[in-house]
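# Working through the structure, step by step
Listed below, chain by chain, are the residues.
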Amino acid sequence: MKVKCRRPRRPVRRMVHRVCMTIRSCTKRHKRTFMAILHSTSALVLVGVILFLIFYDMWYVLPTIFDPEGLVYGLHWLLVVFLVCNVLGNMWAAFHCDTSVASLAIGRQKPAEGEAHLWHYCSTCQLQVPPRSWHCKACNCCILKRDHHCTFVANCVGHKNQRHFLGFVFHLFLGSGLALIYNGIYTWKYGSFLVADPLLMVASLANNITDYDAMSWKFVVATIFKLNLFAFVVALVMFSFQMILACRNSTCYKIFDRTYNLGWRQNLKVVLGNRLFWIFLWPTIKSPLPHDGSQWYIEPSGKKINII
Ligand SMILES: [Zn+2]
Ligand SMILES: [Zn+2]
């Protein structure tokens, strides 16, 4: 008989394993505190980055491009305020919106006649929940048409607040794009592209370049440009991905599920509401959703069902 002999774990591996297990049990035991810290840190970092870019662009960069006393400079300020209000307004609305199963009207928290087979049981909530509702461990409840849990808005993105999440990422994309134009012009005018790489900076110091202050400032300008470019790409990817999901009526939770696809226009109405793209103008624009998220229509055998 062969006896399998296990290789003893190496001390380093054993230590890493122990640390991981301790962190895991700690986060499990103090889940609420951990989530509160994670949510507030994410929101503060995002607001901090936005405030920093506004301060840097509006006080340092834009006065070098436009006359600070002129009309164009004032118009740019208006545009920036509009974008920031939209980002923060949508962020707040997505955070404040209750999209859990408990937000349904009392009479709708149970399946309608003949629909019980479409609902499923959540063993954590110990409740029957509507189709497309899934449990979120962070929120500790079932979410209507759950998409994902967003740490920036400190809430789950689901049926009722997805429009605000889309508005939030759309204005982040526009805002970071606008800042990227300002920073691109400034970086070009300042001749900072040459020192965009830290290695070039090290090389210039090694070669005894005397104008150290100018080099340092160029390096700062180029670094901010690169960070801005990164933020723009992230916002663009997030917005495009969310729009693709909305157009196909699928979710992050079940990306490839096309069961509920009713055509892109109808699908968008399910997410954005009756006013469709007008919701991108302002977070408080009323745009009623076609249903409450407890009943979902599918397209059986190619025959479309009108849900509006
Ligand atoms: Zn649940
Ligand atoms: Zn959640």
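Here the structure is a predicted model, which means the values were calculated and not measured.

What counts and what doesn't
Residues numbered from 1 in each chain as written. Chains lettered and ligands numbered in written order. Predicted model: local features only at pLDDT ≥ 70, side-chain atom pairs only at ≥ 80, totals over all residues. Heavy atoms only, no water. Axes fitted to C-alpha atoms, helices over the stretch in contact; angles between N-to-C directions. Helix = DSSP H or I, 4+ residues; strand = E, 2+ residues; numbered from the N terminus. Left-handed = near helix turned anticlockwise from the far one by under 90°. Contact = heavy atoms within 4.5 Å. Nonpolar A, V, L, I, M, F, W, Y, C, P; charged D, E, K, R; others polar. Donors = N, O, S within 2.8 Å, 3.2 Å for Na, K, Ca; no water. Tetrahedral: all angles 85-135°; square planar, octahedral: opposite > 155°, others 65-115°. Buried < 20%, exposed > 50% of the residue type's maximum accessible area, 1.4 Å probe, protein only. Expected span 1.5 Å × (residues − 1). Patch = residues over 30% accessible without salt bridge, like charges linked within 9 Å, V, L, I, M, F, W, Y side chains within 5 Å. Areas by Shrake-Rupley, 256 points an atom, 1.4 Å probe, with all protein chains shown as cover. Salt bridge = Lys/Arg side-chain N within 4 Å of Asp/Glu carboxyl O. Lys, Arg positive; Asp, Glu negative; His and termini not counted. Charge placed at Lys NZ, Arg CZ, Asp CG, Glu CD.

With that out of the way, let us pick up the packing of helix α2 (residues 31-65) against helix α4 (residues 162-189). With their axes 10 Å apart at the nearest point, α2 and α4 run at an angle of 40° to one another. The two elements α2 and α4 meet at a crossing, and its hand is left-handed. Facing Leu46, Ile50, Leu53, Tyr56, Asp57, Met58, Tyr60, Val61, Leu62, Thr64 and Ile65 of α2, the residues of α4 in contact are Phe168, Leu172, Ala179, Tyr182, Asn183, Ile185, Tyr186 and Lys189. Here the residues of the contact of α2 with α4 sort into 15 nonpolar, two polar and two charged.

The coordination sphere of the zinc ion (ligand 2), as far as protein atoms go, consists of Cys136 (SG), Cys139 (SG), His149 (ND1) and Cys156 (SG), spread over 2.1 to 2.3 Å. Viewed at the metal, the four donor atoms of the zinc ion (ligand 2) are separated by angles of 100 to 117°, and the geometry they form is tetrahedral. In the primary sequence, the donor residues of the zinc ion (ligand 2) line up as C-x2-C-x9-H-x6-C. Of this pair, Cys136 sits in strand β3 (residues 134-136) while Cys156 is found in strand β6 (residues 155-157), placing the two residues 20 residues apart along the sequence. We note that Cys136, like Cys156, is buried.

Taking 1.5 Å of rise per residue, the 28 residues of α4 would be expected to cover 40 Å, and the 40 Å separating its terminal C-alpha atoms lies within 8% of that figure. The element α4 is largely enclosed, with a buried count of 22 among its 28 residues. Residue Gly191 follows α4 closely and has a positive phi angle near 65°.

Taken together, Arg24, Lys28, Lys31 and Lys137 make up a surface patch of like positive charges. Looking at where Arg24 falls in the secondary structure, it is placed in helix α1 (residues 11-29). Look at Arg24 and you get exposed, because its relative accessible area is 55%.

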